[in-house]
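Reading the structure
One letter stands for each residue in the lines below.
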Amino acid sequence: MSATGIGAAVRRKEDIRFITGKGQYTDDVTRPGETRAVFVRSPHARAKIKSIDTSAAKKMPGVVAVLTGAELAADKVGNLICGWMITSKDGSPMKMAPHPALAAETVNHVGDAVAVVIAETQAQARDAAEKVKVDYQVLPSVTDAAKAKSGPQIHEVAPKNTIYEWALGDAKAVDAAFAAAKHVTKLDIVNNRLIPNAIEPRVALAEYDSGNDALTLWNTSQNPHVARLVISAFVGIAPEHKLRVIAPDVGGGFGSKIFIYPEEVVCLWAARKVNRPVKWTAERSESFLTDAHGRDHVTHAELALDENGKMLALRAHTIANLGAYMSTFSSCVPTYLYATLMSGQYAIPQIYCEVDAVYTNTVPVDALRGAGRPEATFVVERLVEVAARQMGIEPTELRKRNFVKSFPHQTPVIMAYDAGDYHASLKKALELADVKGFNKRKRESVRHGKLRGLGFSTYIEACGIAPSQAVGSLGCGVGLWESAEVRVNPTGSVEVLTGCHAHGQGHETTFAQVVSERLGIPIENIAIVHGDTDKVQFGMGTYGSRSGAVGISALVKALDKVEAKAKKVASHVLEAAEADIEFKDGKFTVAGTDKSAAWGDITLQAYVAHKLPWQDVEPGLSEGAFYDPANFTFPAGCHICEVEVDAETGKTEIVNWTAVDDFGTVINPMIVEGQVHGGVAHGIGQALLEHAVYDKDGQLVAGSYMDYAMPHAHDLPSFKVETTETKSPSNPLGIKGCGEAGAIASPAAVINAITDAIGTEELTMPATANVVWSAIQRAQPARQAAAE
Amino acid sequence: MPAVSMTVNGKAVTGDVEARTLLVQFLRETLRLTGTHVGCDTSQCGACVVHIDGIAAKACTTLALQCEGGKITTIEGLAEPGGSLHPMQEAFRENHGLQCGYCTPGMIMAALDIVRRKGNDLDEHTIRAQLDGNICRCTGYHNIVKAIAAGAKTMGKGGPTRQAAE
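Quick caveat: nothing in here was measured; it's all calculated off a predicted structure.

What counts and what doesn't
Along each chain, residues carry numbers from 1 onward, in the same order as the chain's sequence is written. Chains and ligands are labelled sequentially in the order written, the chains with letters from A and the ligands with numbers from 1. This being a predicted model, a pLDDT of at least 70 is required before a residue's local features are given, and a value of 80 or more before pairs of side-chain atoms are given or counted; all residues contribute to the totals for chains, interfaces and linings. Only DSSP runs of H or I with at least four residues qualify as helices, and only runs of E with at least two residues qualify as strands; both kinds are numbered from the N terminus onward. We take the radius of gyration over the C-alpha atoms and set the globule estimate at 2.2 Å times the residue count to the 0.38 power. As a rule, residues whose C-beta atom has 12 or fewer other C-beta atoms within 10 Å are exposed, those with 20 or more are buried, and those in between are partly exposed; C-beta atoms are placed from the backbone. We call two residues in contact when their backbone-placed C-beta atoms lie within 7 Å. Ten residue types, Ala, Val, Leu, Ile, Met, Phe, Trp, Tyr, Cys and Pro, are classed as nonpolar, four, Asp, Glu, Lys and Arg, as charged, and the remainder, Gly among them, as polar. Axis angles are defined between N-to-C directions and span 0 to 180 degrees, where every axis is a line fitted to C-alpha atoms and, for a helix, only to the segment in contact. We call a crossing left-handed when the near helix sits turned anticlockwise from the far one by less than a right angle, and right-handed when that turn is clockwise. An automatic or database domain assignment is the source of the domain bounds shown. For the purposes of this analysis, a nonpolar core is taken to be any set of buried Ala, Val, Leu, Ile, Met, Phe, Trp, Tyr and Cys residues that are connected through C-beta atoms within 7 Å. Between any two strands, at least two bridges found by DSSP are needed for them to pair. Reported orientations rely on four angle classes, namely roughly parallel under 35 degrees, roughly antiparallel over 145, roughly perpendicular from 65 to 115, and oblique for the rest. By convention a crossover is right-handed if, when the strands point away from the viewer, the path from the first strand over the helix to the second runs clockwise. Known as pLDDT, the predictor's per-residue confidence is scaled from 0 to 100. To obtain the arc, one takes the directions from the helix axis to the C-beta atoms.

**Quick notes on the overall build of chain B**
Secondary structure assignment for chain B yields 5 helices and 5 strands. What you see in chain B, going N to C, is helices and strands ordered as β-β-α-β-β-β-α-α-α-α. Over its C-alpha trace chain B gives a radius of gyration of 15 Å, about what one expects of a compact globule, namely 15 Å for 166 residues. When its C-alpha atoms are laid out on the principal axes, chain B stretches across 45 × 35 × 25 Å. Looking at chain B residue by residue over its 166 residues, the buried ones come to 56%.

**Quick look at the overall build of chain A**
When helices and strands are counted, chain A shows 19 helices and 28 strands. For 788 residues, the compact-globule formula gives about 28 Å, and the C-alpha radius of gyration of chain A, at 28 Å, lands near that figure. Overall size of chain A, expressed as C-alpha extent along the three principal axes, is 95 × 75 × 50 Å. By residue count, 60% of the 788 residues in chain A fall in the buried class. Once local pairs closer than 6 in sequence are excluded, the contacts in chain A between residues at least 24 apart make up 80%.

**Thoughts on the interface of chain B and chain A**
Across the boundary between the two partners, chain B contributes 45 residues, which contact 44 residues of chain A. When residues in the side of chain B that touches chain A are grouped by element, the largest group, 4 residues, is from helix H2 (residues 87-94) of chain B. Its residues assigned to classes, the side of chain B that touches chain A shows 20 nonpolar, 15 polar and 10 charged.

**Some points on the packing of helix H9 (residues 373-391) of chain A against helix H18 (residues 741-758) of chain A**
Residues and elements named next belong to chain A. Where H9 contacts H18, the two axes come as close as 8 Å, and the packing angle between them is 35°. Between H9 and H18 lies a crossing whose hand is right-handed. Contacts between H9 and H18 involve Arg373, Pro374, Thr377, Phe378, Glu381, Arg382 and Glu385 on the former and, on the latter, Ala743, Ile744, Ala745, Pro747, Ala748, Ile751 and Asn752. For the contact of H9 with H18, the per-class residue count stands at 8 nonpolar, 2 polar and 4 charged.

**Section: the domain arrangement of chain A**
Residue and element names in this part refer to chain A. As assigned here, chain A comprises domain 1 (31-139 + 200-251 + 257-290), domain 2 (297-466 + 631-787) and domain 3 (481-627). Look at where the C-alpha atoms of domain 1 and domain 2 centre, and you get two points 36 Å apart. At the junction of the two partners, domain 1 supplies 23 residues and domain 2 supplies 25 residues.

**As for the nonpolar core**
With 308 residues, the main nonpolar core has Ala37, Val116, Val117, Cys267, Met342 and Ile754 of chain A as its most contacted residues. Once you skip the residues sitting within four places of it in the chain, Val117 of chain A turns out to touch Ala37, Val38, Val40, Ala57, Val63, Val66, Ala125, Ala128, Ala129 and Val132 of chain A.

**Here's the deal with the sheet that holds strand S5 (residues 113-119) of chain A**
Residue and element names in this part refer to chain A. On the basis of which strands lie adjacent, the open sheet formed by 7 strands has the order S3-S5-S1-S12-S9-S10-S11 and mixed pairing. Of all strands in the sheet, those bounded by a partner on one side alone are strand S3 (63-68) and strand S11 (243-246). Strand-to-strand twist in this sheet, taken as the mean axis angle between neighbours without regard to direction, amounts to 20°. Note that strand S1 (residues 35-41) and S5 share 6 bridges and pair antiparallel. Its bridge partner being in S5, Val40 is matched across the sheet by Ala115.

**Here we look at the sheet that holds strand S14 (residues 311-321) of chain A**
Residue and element names in this part refer to chain A. If you trace the 5 strands from one edge of the open sheet to the other, you get S7-S15-S14-S13-S8, paired in mixed fashion. Each end of this open sheet is capped by a strand with a single partner; those strands are strand S7 (162-169) and strand S8 (183-191). On average, adjacent strands in this sheet sit at an angle of 10° to one another, irrespective of strand direction. In the sheet, strand S13 (residues 297-305) pairs with S14 via 9 bridges, with the strands oriented antiparallel. Note on S14: the bridge partner recorded for Glu302 is Arg315.

**Looking at the packing of H2 of chain B against helix H3 (residues 104-118) of chain B**
Residues and elements named next belong to chain B. One way to put it is that H2 packs onto H3 with a least axis distance of 10 Å and a crossing angle of 125°. By the angle between their axes, H2 is oblique relative to H3. As H2 packs across H3, the resulting crossing turns out to be right-handed. Where H2 approaches H3, its residues Met88, Gln89 and Phe92 are matched on the opposing element by Thr104, Ile108, Ala111 and Leu112. A per-class count over the contact of H2 with H3 returns 5 nonpolar, 2 polar and no charged.

**Side note on the pairing of strand S28 (residues 720-724) of chain A**
Residue and element names in this part refer to chain A. With 5 bridges connecting them, strand S27 (residues 652-662) and S28 associate as parallel partners. Paired with Val660 across the bridge in S28 is Glu722. Since S27 and S28 lie parallel, the crossover through helix H17 (residues 669-689) that links them has a hand, and here it is right-handed.

**Here we look at the confidence of the model for chain B**
Segments scoring low in pLDDT should not have their predicted coordinates read at a detailed level. In the predicted model, chain B carries a mean pLDDT of 94, and 95% of its residues have values of at least 70. Scored as a whole, the predicted complex attains pTM 0.97, and scored at its interfaces, ipTM 0.97.

**Concerning the domain arrangement of chain B**
All names here are of chain B. Splitting chain B by domain gives domain 1 (3-77) and domain 2 (87-159). With centres defined by C-alpha atoms, the gap from domain 1 to domain 2 works out at 21 Å. With 15 residues of domain 1 at the interface, the matching set in domain 2 holds 11 residues. Contributing elements (two or more residues each) for the side of domain 1 that touches domain 2: strand S3 (49-52) and strand S4 (55-58). Tallying contributions element by element places S3 first for the side of domain 1 that touches domain 2, with 3 residues. A per-class count over the side of domain 1 that touches domain 2 returns 8 nonpolar, 7 polar and no charged.

**Structural notes on the pairing of strand S20 (residues 494-498) of chain A**
Along any regular strand, the residues point their side chains to alternate faces of the sheet. All names here are of chain A. Of all 5 residues that make up S20, 4 are buried, and the element is covered over most of its length. The pairing of strand S19 (residues 482-488) with S20 spans 5 bridges and is antiparallel. Pairing of Ala484 across the sheet is with Thr498, part of S20. As consecutive antiparallel partners, S19 and S20 are separated by 5 residues, and within that stretch Gly492 has a phi angle of approximately 100°, a positive value. Note: S20 against strand S21 (residues 526-529), 4 bridges, orientation parallel. Across the sheet, Leu497 pairs through a bridge with Val529, a residue of S21. Taking the sense of rotation as the criterion, the β-α-β connection linking S20, helix H14 (residues 507-519) and S21 turns out right-handed.

**Concerning unusual backbone geometry**
A cis geometry characterises the amide bond from Phe407 of chain A onward to Pro408 of chain A, with omega recorded as 0°. Of note, the amide linkage connecting Met765 of chain A to Pro766 of chain A takes the cis form, showing an omega dihedral of -5°. Despite not being glycine, Arg32 of chain B shows a phi value in the positive range, around 60°. Inspection of the secondary structure assignment puts Arg32 of chain B in the loop between helix H1 (23-30) and S3.

**Some details on helix H10 (residues 395-402) of chain A**
All names here are of chain A. Of the positions making up H10, those classed as buried are Pro395, Thr396, Leu398, Arg399 and Asn402. The buried side chains of H10 occupy one side of the element, clustering within an arc of 160° when seen end-on. Tucked into the core, H10 has its buried residues touching S14, H9, helix H11 (422-432) and strand S18 (451-460).

**Description of H11 of chain A**
Residue and element names in this part refer to chain A. Burial in H11 covers these residues: Tyr422, Ser425, Leu426 and Ala429. In a view along the axis of H11, the buried residues occupy a sector of 100°, so they form one face of it. Phi turns positive one or two residues past the end of H11, at Asp434, with a value near 45°.

**A look at the environment of Gln350 of chain A**
Residues and elements named next belong to chain A. Its location among the elements puts Gln350 in strand S15 (residues 350-358). With 22 C-beta atoms counted inside 10 Å, the residue Gln350 sits in the buried group. Put simply, Gln350 and Glu524 are 174 residues apart on the chain and 52 Å apart in space, counted from C-alpha to C-alpha.

**Observations regarding the environment of Thr760 of chain A**
Within the secondary structure, Thr760 of chain A sits in the loop between H18 and helix H19 (769-787). When residues no more than four places from it in sequence are discounted, the contact partners of Thr760 of chain A are Thr755, Ala775 and Ala779 of chain A.

Below, the structure written as structure tokens:
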């Protein structure tokens, strides 16, 4: 391993600009003549817009324009779309309701935008927005997923507010297995609604170039090319070749910056209308009301086992709240990213999962770190832990009896696991967490009046999203390959253009490590370029832990081509047969001779072309590749959470966290550990703190950092993080992906630990002090009765 | 509009501001010092932390006019004029204490204030408790805590110029 190659904990190249305040985030970009946009938003969960009076706002100082949904409709700006078709059990397509970027007739959630004020300054725009008079006729609303079907119908296309009723698996076979089972564990689960809260709020800055009739959008996006495609092909703002989307430094995404949002559409439309740049920067309270939320499932799940704890079948019914409109990829999250993971790490012969997706008068729900897989893992890992406790089998023992042991393994829910060693990660985690010493620690806790619990989560996820043919056959509107272009300069330095996008993942370092190892050149001589549709030809962006498994695989393919071309050039320079040219550590040699040439000599020769016969070899050294993965990848591992609970107050403290993950090949262990830390923190946040609470009138009660409990430093422990390794056979370097694992694994581990400590399974997330204390109180009479 | 004068990163600056202009707006929009960020509207995320007369403050809840005659240090003012990084900046990079980088300037400025108040030998509990005013969504804080402990230690070994930002 070289000091900067694959496997080295290289310090990040991008950090210098971030730690010196020289990052370039979207809000840091300004354009000459820039105006500011402020949106007028619905204060009601559901209402008819009777009229909008903009006359007073238009007279306010500095106002350039006040635009409404009616004008947007008159200009025939298209609706926002959901790009993944899900088909119901009865064969009918999902019910996608119109989603205009500015509502013209009805508003369907608090925060739904009805007008935009464009002014010289932010303060002037805000002042004027307060003068826009909207006359609403308030309509009854529904926010609770479980009540959606019986609530007032929100969209004409969707009776009973039902988007689809979808199912995966063999219901009859599952029923038969349950009928024959010795033990059945049943759980009712609410997977709490979360708000993504990347610390950088969303921003859109649009500029119109009338000379070329072209638009540029600077945007907080995880996938600028997808944004351009949707805005061109569906919203119809400008054709693709007349729209440039730039996503510069982006301050965290977690899924929420994948989607195409109304604000960016409106800024583009308005920029052309007022013929000046228009910038919108979300305030945090707007982020709460407009960034796509995550999770929000209500589930009943059952696991059937035989007398030895062998799993026979699993079934689940889930109501998934998709909010007021279908966000860009919302439909696939509770279906193909959820039910397909219901087999966990286990050989479960039969699985059946039904999912009803519903509209409610809440912010749209879409992918959030893990997206479907945390929900699936929570169902499976809670069922397994509770089954073990009910059957009197050690939870780890029950898991071991059911682990998938041979690969490839075809689950009953689409996925074909290609590699893994679940015993290895469990064994390592048990040692690292000193599970043997737990009973002693528990006794110590009891001595100082605390309850102590241990919880496991042996999770699996499907990442490396995704094989295009596979997702296409399941309804996805796009292919999920990735592209890379390697441009070698005459002096030998290299620019890599990738269709992935970094918003914290450190691609400028990890992608460069792969190039450094392959070409034998210093990491300083490599630049990674991303996030600009004028530079990178096309790409699918970063989400689903895909940049390593898919993006780096594309880079490896492009490097293969670069090496082949460079060898061709070297054969002419060194006057040898191409087959005799060897390339290692940045040096070309002729096999069996002492003739050699350095990397920089050959790259220069590729461009001066003095020794290249034009009939045989083109000048230049620049190659591109598209990589479409053969399969998903299957990162898996074991997380162990140890908690201490104060029974008097219900306050939970996480005293020990152990993560052992199998991510396949690791490019940079420092970065991988950081991804696990962040993911686990996100999952602990879900388990203990975070909850997007709506009141019965559809007001988001948890609408600021004062009400929505983000994990702070003092809420979290330090983490023990290690890895095991089975390489993914589905991509050239054996990478599996690491960005979501922590968020997927951790909620179940936390709740398993707390329920172990307090001795009752009746516990909902977030397990705040109040929730835990109440659970303890509810359980006490039952416990006393049992004792008597 | 009233004029305001202050010293920012050692340079005297003046500007015309509205009475309601926040310090962070003055820094970002008037002076184009965009390293100081805004992450919330309730003074809780800490992405906007700067030093006013040597003490950490949230620039999103400070009026520019309140800083008349004050000495402001932002993230851009930490590195030596020659470009060598402040030990706390170094520590964040060395310990992978940042991912997306958005909260980082505020974290570093808050970290220096922790060192000012609590000294160079910081235990984990102290750092975690003192970071109550700063939110990070990427790192899970693990490496931020490590970075602050390491940076504080290095600052303790340095001369008086490395003691604090000002």
